[in-house]
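Listed here are the chains, written in short residue letters.
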Amino acid sequence: MIDFVPDESLYPFESRWFDSSAGRLHYIDEGSGPALLLCHGSPTWSFLYRHIVKGLRDRYRCIAVDYLGFGLSERPRKFGYTIAEHTTVLGELIDHLQLDGFILMGQDWGGPIGLGAASTRAARVRGIVLGNTVFWPIEPLANRAFSAIMSSRPMQRRILEQNLLVEQFLLGKLGPTLTAAEADHYRMVQPTREARRGLAVMPNEIRVARPLLERLAQDVPALLGDKPTLAVWGMQDMVFRPKACIPRIRASFTDLDVVELPQARHFIQEDAPDQITSAIANRFP
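Since the structure is predicted, the reported quantities are computational estimates derived from the model, not experimental observations. (Residues numbered from 1 in each chain as written. Predicted model: local features only at pLDDT ≥ 70, side-chain atom pairs only at ≥ 80, totals over all residues. Heavy atoms only, no water.)

Comments concerning the nonpolar core
- The biggest cluster of nonpolar side chains holds 99 residues, and the ones touching the most others in it are Y60, M105, F135, V232, I249 and I280.
- The dominant element in this core, judged by the number of residues it contributes, is helix α9 (residues 210-224), at six residues. (Core = buried A, V, L, I, M, F, W, Y, C linked by side-chain atoms within 4.5 Å. Buried < 20%, exposed > 50% of the residue type's maximum accessible area, 1.4 Å probe, protein only. Helix = DSSP H or I, 4+ residues; strand = E, 2+ residues; numbered from the N terminus.)

Quick look at the confidence of the model for the protein chain
- This prediction gives the protein chain a mean pLDDT of 97; 100% of its residues lie at or above 70.
- Averaged pLDDT values over the elements of the protein chain bottom out at 85 in helix α4 (residues 141-150) and peak at 99 in strand β3 (residues 35-39). (pLDDT = per-residue confidence, 0-100.)

With respect to the packing of helix α5 (residues 153-162) against helix α8 (residues 197-208)
- In contact at an axis separation of 9 Å, α5 and α8 are set at 150° when each is read in the N-to-C sense. By the angle between their directions, the pair α5 and α8 is classed as roughly antiparallel. Viewed along their axes, α5 and α8 form a crossing whose handedness is right-handed. From α5, Q156, I159 and L160 reach across to α8, where they touch R197, L199, A200 and P203.
- A per-class count over the contact of α5 with α8 returns five nonpolar, one polar and one charged. (Axes fitted to C-alpha atoms, helices over the stretch in contact; angles between N-to-C directions. Parallel < 35°, antiparallel > 145°, perpendicular 65-115°, else oblique. Left-handed = near helix turned anticlockwise from the far one by under 90°. Contact = heavy atoms within 4.5 Å. Nonpolar A, V, L, I, M, F, W, Y, C, P; charged D, E, K, R; others polar.)

Brief notes about the sheet that holds strand β2 (residues 24-30)
- As summarised here, the arrangement of the eight strands in space is β1-β2-β4-β3-β5-β6-β7-β8, forming an open sheet in which the pairing is mixed. Both outer strands of the open sheet, β1 (16-19) and β8 (256-261), are each paired with one neighbouring strand and no more. Here the average twist between neighbouring strands, direction ignored, is 20°.
- Bridge count between β3 and strand β4 (residues 61-66): four bridges; the pairing is parallel. The partner of L37 across the bridge, within β4, is I63.
- Packing of helix α2 (residues 83-96) onto the sheet brings it into contact with β1, β2, β3, β4 and β5 (102-107), and relative to β1 it is tilted by some 110°.
- Here helix α3 (residues 110-119) sits on the sheet and contacts β3, β5 and β6 (125-131); the angle it forms with β5, its principal contact strand, is near 150°. (Pairing = 2+ DSSP bridges.)

What to know about the packing of α2 against α3
- α3 packs onto α2 with a crossing angle of 50° between their chain directions and a minimal axis gap of 8 Å. Overall, the two elements α2 and α3 adopt an arrangement that is oblique. Handedness of the crossing formed by α2 with α3: right-handed. In contact with I83, H86, T87, L90, G91 and I94 of α2, α3 contributes P112, I113, G114, G116 and A117.
- By residue class, the composition of the contact of α2 with α3 is six nonpolar, five polar and no charged.

Focus: the pattern of salt bridges
- This model, assessed by the stated rule, comprises 17 salt bridges.
- A salt bridge links E182 to R50; its shortest N-O distance comes to 2.9 Å. Of this pair, E182 sits in helix α7 (residues 180-187) while R50 sits in helix α1 (residues 50-56), placing them 132 residues apart in sequence.
- E214 serves as the salt-bridge partner of R210, at 3.0 Å between the closest nitrogen and oxygen. Of this pair, R210 and E214 both sit in helix α9, four residues apart, which is roughly one turn of that helix. (Salt bridge = Lys/Arg side-chain N within 4 Å of Asp/Glu carboxyl O.)

Side note on the packing of aromatic side chains
- In total, this model carries ten aromatic pairs according to the counting rule given.
- Both rings, one in F47 and one in Y186, keep their centres 5.2 Å apart while their planes meet at 80°; by these two values the pair is edge-to-face. Here Y186 lies in helix α7 and F47 lies in the loop between β3 and α1, a separation of 139 residues in the sequence. For the pair F47 and Y186, one class covers both residues: buried.
- Plain terms: the ring middles of F79 and Y81 are 4.9 Å apart, the flat faces sit at 90° to each other, and that makes the pair edge-to-face.
- Classification of Y81 as buried rests on a relative accessible area of 1%.
- Aromatic rings pair up to connect Y11, F13, W45, F47 and Y186 into one cluster.
- Across the ring face of F284, the terminal group of R283 is positioned such that the distance to the ring centre comes to 5.8 Å. (Phe/Tyr/Trp six-rings, centres within 6.5 Å; stacked < 30°, edge-to-face > 60°. Lys NZ or Arg CZ within 6 Å of the ring centre and 35° of its normal.)

Have a look at this one:
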């Protein structure tokens, strides 16, 4: 397990644990009301949702999970850390908590992981919140080039040995504005080469998970397309560009509200937490 204790002033939540079929999963479960399941992407963890949980736990039951290999969760040796495997484990947590009438929020890889688990439990889903994510094959050449480069041996070494994905893509110049203590909460949950194995798998999944994403592209509109849905979009995101993604989302959901976050980049929960909190409360009163 990860030997890091979050600062209670930044992350004032009780840690909870679930023994999944693949390993021990860390999550938080705060507040009461309709269940709101919060799914992070790479290279983050449930800490990403801290402002949103604090803002909504007076009216929702806010559940934020750390996937295996992320945050405070276990790093099982025999786990592959693929999107498909994360989806399976998340589904086990949903079933363990007996969530019914829940709202799913997914950002970055949290979109495919969350929607994959939700689509096979569609009758139990009340609504969906999507932020800077996709549920279809990632086509842009720049994204596939990023995948190929980051999957190369030299870059894999930098991810594992220098924590590249956290240090450069989350905490670098184009990342959100964080205090030193906040940055350390992202850095310290990926402390060693061994701990970062799950991070290293993610770039290659942009290409390898294509069959899963092709299936989601069919399943999400068919099984979840009539659910009340909210898209909260960082309009400055260079990864999932709004002009490419929002029309696809509009075509997939029949009951959709879109809230644009004009100054937010990719990590919208850091850049615009108050706007997201208000949008969720307004959409799902």
